[in-house]
Amino acid sequence: MSELVYPDGFLWGTATSAHQTEGGNSNSDWWDWELRPDTPTREPSGKAIEHYRHYGRDTAMLGELGFNMYRFGVEWARIEPEEGRFDESVLEHYRRVVAAVRRAGMEPLLTLHHFTLPKWVAAQGGWLSDRTPALFERYVRRVVEALGDRVDWYMTINEPGVVAFGGYLGAIPFPPATRGVDNWRRSIAGLIAAHRLARAAIKELRPAARAGVAHSMQEWVSNWGGRPALEYSRRLNEDVFLAACKDDDYIGVNTYTRQRIDLPAPMGPISRVVLSVGALERRVVPRVAERIAAAASDPELLMRDGVRRTQMGWEWRPQAVAATVRRVAELHPGKPILVTEHGVATANDEERIEFIRDGLTALHPLIGEGIPLRGYIHWSAFDNFEWAYGYQMLFGLIAVDRKTQERIIRPSARFLGEIARTNRLVIAE
Ligand code: BGC
């Protein structure tokens, strides 16, 4: 037996988002999207896992398992159901949630935007509208005023890169499903502007609070021919956001897999030209995005290549998280880093334990090298609504019977809870 010991005060958490768990988020753009017959969403979110109602027992369960942090979301569409009208009863609700998280012995990490927009914001163009960053800032101020004295960790936006790539370039089936490179770039600018305004508001109202973003990051690999495409994708999905977040209090890293771009050698120079000449880029990139969207909507197709994959069709690569954390440390030396999501969709809980163990084993040496990794948050606490895939993807440490809303603790929850409680990972040799 050997053991890996983590630094005192290491944060061990689990994560959820509002829309994926609360249920009945009917004022949001996603709600309409799920019910439209022309979108590839497999089933609507409906009541989800009724976390809005069961947050008390859910957070108590996580605290008892041994976690000391809980990352969860508040929902803009509930808090401001119409432009300029803030619902105090909803803010009061979230105050109770924060109190429950603290009672359970956990530090709350609060996500302010996790993919969903109020319908009225979406109707104005969502992240393409020049007004949205300031509207977001106003909403964030209300939340921080209402909850600020009890919350020390804020996340302004979850995975802005995914929102832009998915919703505005159209490479993932996400609303508003616009297409085109210009929309992609505009949404990137809008998301960055919103984050900056929100961060400044949080720091003004609560100077001691920490503000950051969860960045969707991949371990990228390519052959020679795929190199220009890799650099282009990584720049627009990750680097623009990481650069904009250099003054944040921490960098949140969400990593699930490794992304491989292998192209025939002649494609190297060709794609370098295509991606650097605006007119060509505008024609070619949306077509590639359509192909990516088609592939993502059918994980079964991805399974056929013999590579070990998760339910999502993603390459099995728990160690990818060490590569992404290392990259952040190289780009922003000394900046505190939190793994804000790492997890696996699988119907076999033994695989989940393996995934956690291999991810944590890969991360541990980074701490010894002096990389300021402050914590590890697993996605997800519970099985929940996995966006376009509905409820079929099982990411939870805790299973949920959605008929009875009963929570069933999986062995992986006890495994990670024990690591959290003892601050060490025991490895059988
Ligand atoms: C998101 C989660 C999602 C998870 C698994 C992340 O992109 O933040 O909302 O459920 O990945 O796909």
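Throughout, residues of each chain are indexed from 1 in the direction in which the sequence is written. Only residues with pLDDT of at least 70 get local features here, since the model is predicted, and only at 80 or more are side-chain atom pairs given and counted; chain-wide, interface and lining totals rely on the full set of residues. Heavy atoms from the whole structure form the basis of all side-chain values; hydrogens and water molecules are not counted.

Undergrad: Honestly, the site of the ligand in this entry has me stumped. Any pointers?
TA: By convention in these notes, a residue is near a molecule or strand provided one of its non-hydrogen atoms lies within 4 Å of it. Around the ligand sit Q20, H114, F115, N158, E159, Y256, W314, E341, W379, E386, W387 and F395, and that is every residue in its neighbourhood. Two N or O atoms count as a polar contact when they lie within 3.5 Å, although within protein this holds only if one can serve as hydrogen donor and the other as acceptor, and sequence-adjacent residues are included solely when both atoms are side-chain atoms. In this structure, an oxygen atom belonging to the ligand sits 2.5 Å away from a side-chain N or O atom of E159. At a separation of 2.7 Å, an oxygen atom of the ligand approaches a polar side-chain atom of E341. For the ligand, the accessible surface in isolation is 310 Å², of which the surrounding protein chains cover 93%. Under the convention adopted here, Pro, Cys and the residues Ala, Val, Leu, Ile, Met, Phe, Trp and Tyr are nonpolar, Asp, Glu, Lys and Arg are charged, and Gly plus all remaining residues are polar. Among the residues forming the shell around the ligand, the class breakdown is six nonpolar, three polar and three charged. Residue-level accessible areas treat just the shown protein chains as cover; the underlying method is Shrake-Rupley with a 1.4 Å probe.

Undergrad: Sorry if this is basic, but what is going on with the packing of helix α11 (residues 267-276) against helix α12 (residues 278-296) here?
TA: To characterise two packed helices, one gives the angle between the axes of the helices and the distance between these axes. For the pair α11 and α12, interaxial distance at closest approach is 5 Å and the crossing angle is 105 degrees. Overall, the two elements α11 and α12 adopt an arrangement that is roughly perpendicular. Here V273, V274, L275 and S276 of α11 lie close against α12, whose contacting residues are G278, L280, E281, V284 and V285. Across the contact of α11 with α12, the residue classes tally to six nonpolar, two polar and one charged. To obtain each axis, a line is fitted to C-alpha atoms, and for helices this fit is confined to the stretch in contact; angles are then taken between N-to-C directions over 0 to 180 degrees. Secondary structure elements are taken from DSSP: a helix is a run of H or I of four residues or more, a strand is a run of E of two residues or more, and numbering for both begins at the N terminus. Note on terminology: angles under 35 degrees are roughly parallel, angles over 145 are roughly antiparallel, angles of 65 to 115 are roughly perpendicular, and the others are oblique. By the convention used here, residues are in contact when the closest approach between their heavy atoms is within 4.5 Å.

Undergrad: Could you clarify how one ought to interpret helix α15 (residues 349-368) in this entry?
TA: Each α-helix turn comprises 3.6 residues. Residues three or four places apart therefore point the same way. In this scheme, a helix's expected span is set at 1.5 Å multiplied by one less than its residue total. Given a rise of 1.5 Å per residue, 20 residues ought to cover 28 Å, and the 30 Å separating the end C-alpha atoms of α15 matches this to within 8%. Between the side-chain oxygen at the start of α15 and the backbone nitrogen of E350 there is a gap of 2.9 Å, and the oxygen is on N348. One or two positions beyond α15, positive phi appears at G370, with a value near 95 degrees.

Undergrad: When you look at the environment of E354 in this model, what are you seeing that I'm missing?
TA: Tracing the sequence through the fold places E354 in helix α15. The classification of residues rests on relative accessible area computed with a 1.4 Å probe and restricted to protein chains. Under 20% of the type maximum is buried, over 50% is exposed, and intermediate values are partly exposed. Here E354 falls in the partly exposed class, since its relative accessible area comes to 23%. Look past the residues within four positions of E354 in its chain and what remains in contact with it is R308 and W316.

Undergrad: What should I look at first to understand the side chain of T310 in this one?
TA: The topology assignment puts T310 in the loop between α13 (299-302) and α14 (320-331). Apart from residues lying up to four places away in sequence, T310 is in contact with M303, W316, V344 and A345.

Undergrad: What should I look at first to understand the pattern of salt bridges in this one?
TA: Any two side chains of opposite charge can pair if their charged atoms end up close together. A pairing counts as a salt bridge when a side-chain nitrogen of Lys or Arg comes within 4 Å of a carboxyl oxygen of Asp or Glu. Considering all chains together, one arrives at 37 salt bridges under this definition. For K119, the salt bridge identified is with D32, shortest N-O distance 3.2 Å. Of this pair, K119 sits in helix α6 (residues 119-123) while D32 sits in helix α2 (residues 29-35), and the two are 87 residues apart along the sequence. For K119, a relative accessible area of 31% gives the class partly exposed. The exposure class of D32 is partly exposed, given its relative accessible area of 36%. With a closest N to O distance of 3.0 Å, R36 and D38 form a salt bridge. On the basis of relative accessible area, D38 is assigned to the exposed category, the value being 55%. Here the residues in one salt-bridge network are R102, E107, D152 and R206, joined through shared partners.

Nothing here speaks to function; it is geometry throughout.
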